[in-house]
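Next come the chains, spelled out residue by residue.
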Amino acid sequence: MKKLFAVLGDPIGHSMSPIMLNDILSFYEIDAHYHPFLVRRDELETAVKGLKAIGISGFNITIPHKSTIIPFLDEIDELALSIGAVNTVVNENGKFVGYNTDGYGFIKGLNPYMSSFYDKKVLVIGAGGAARAIYFTMAKMKPLAIDIANRTVLKAQELIESCPYESNSKALSLEEAELYLNEYDVVIQTTMIGMYPKISEMPISLKLLKSQSLVCDIIYNPLETQFLMEARQKGATVQNGIEMFVYQGALAFEKWTGIFPDVKRMRENVLQQLGGVKC
Ligand code: ATR
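Since the structure is predicted, the reported quantities are computational estimates derived from the model, not experimental observations.

S.K.: Can you tell me about the pairing of strand 7 (residues 121-125), naming the residues and giving the values?
M.R.: With 5 of its 5 residues buried, strand 7 lies for the most part within the structure. Going residue by residue along strand 7, you find Lys121, Leu123 and Ile125 tucked away on one face and Val122 and Val124 tucked away on the opposite face as well. Where strand 7 and strand 8 (residues 145-149) come together, 5 bridges link them in parallel fashion. What sits directly across from Lys121, in strand 8, is Ala145. With helix 5 (residues 129-140) bridging strand 7 and its parallel neighbour strand 8, the resulting β-α-β unit is right-handed. Two elements, strand 7 and strand 10 (residues 186-189), share 4 bridges in a ladder whose sense is parallel. Within strand 10, the position partnered with Ile125 by the bridge is Gln189.

S.K.: Explain the site of the ligand to me, and be specific about the residues and the numbers.
M.R.: Taken together, Gly126, Ala127, Gly128, Gly129, Ala130, Asn150, Arg151, Thr152, Lys155, Thr191 and Ile193 are the residues near the ligand. Contacts to the ligand include Arg151, whose side-chain N or O atom sits 2.9 Å from an oxygen atom. If the ligand stood free it would expose 640 Å²; the protein chains cover 63% of that surface. Grouping the amino acids of the shell around the ligand by side-chain chemistry returns 3 nonpolar, 6 polar and 2 charged.

Parameters and conventions
Just so you know, the residues in each chain are numbered from 1, in the order the chain's sequence is written. Where local features are concerned, this predicted model is filtered to residues with pLDDT of at least 70; where side-chain atom pairs are given and counted, the filter is 80 or more; whole-chain, interface and lining totals use all residues. Hydrogen atoms and water are omitted, and side-chain values are computed over all heavy atoms in the structure. Residue exposure (1.4 Å probe, protein chains only): buried if accessible area is under 20% of the type maximum, exposed if over 50%, otherwise partly exposed. Note on conventions: DSSP H or I runs of at least 4 residues are helices, E runs of at least 2 residues are strands, and numbering of each starts at the N terminus. Paired strands, in this sense, are two strands between which DSSP finds at least two bridges. A clockwise course of the path from the first strand over the helix to the second, judged with the strands pointing away from the viewer, identifies a crossover as right-handed. Any residue with a heavy atom lying within 4 Å of a molecule or strand is counted as near it. By the criterion applied in these results, polar contacts are pairs of N or O atoms within 3.5 Å in which, for protein atoms, one can donate a hydrogen and the other can accept it, and in which residues neighboring in sequence qualify only through two side-chain atoms. Calculation of accessible area relied on Shrake-Rupley with a 1.4 Å probe; when residues are assessed, cover is drawn exclusively from the protein chains displayed. When residues are grouped by polarity, Ala, Val, Leu, Ile, Met, Phe, Trp, Tyr, Cys and Pro land in nonpolar, Asp, Glu, Lys and Arg in charged, and all others, Gly among them, in polar.

Here it is, written out as structure tokens:
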């Protein structure tokens, strides 16, 4: 029987996951369909029950349901539980088990440039949901240091304190991050600052950036934010948000099918959806 996979969110119309995942399902000749469902906040529980009743094989969760879905699942993986957000659910013999592949997706996307962090100083800019997934997953990998800079420093401090994995971390203001920027090997921009249409905005100045650093932005619209453009002009290696998006999807696909998919094909699919632009 044909299997069903899905993504639940609100809004959902612009999600690039259905085209990317249907392409990769048919590439591996898996008899399945991946469907986007618009689910309002007050209908999430009913939607999850409905998916269970029809025996869905797995699904993704996107904004605004990543945290609120937790009470409606049967089991939550340890990392997802500590992050407090689930983006992937697997139907394991009738039980809905929640995972978070955003953080590992981000880290896997860095592999071509960096696979271990034990001697690296990392700066995360922002303390929202995306920062949380990246910070917790990265803290597990024990970098030399991993600091968080945020407009509201208290939120960065709270994020550090809520992390169950021991790490050498401090909370900074955005001004402090600008001042100490030359200490960092990896800089990860996790806020929406610089996203279309406000494309000239930047969260911090890159005046003191080390030219050998790796600078990432989780934004992919535009493909190159002002932040990444200035980092590239200073000689840094840069990476946009496409890799995190593609790898979180690839890791979800692997959890559902046991196959780690062709990431190059998925990346090309996403770039095509974004208008045929090459990174
Ligand atoms: P998400 O879940 O998508 O990561 P979020 O939880 O709304 O989004 O978090 C947004 C992040 O962007 C926060 O770190 C926020 O800073 P505050 O904690 O101070 O609110 C940051 N942010 C948003 N707009 C900003 C701005 N204009 N200047 C600086 N930081 C901003």
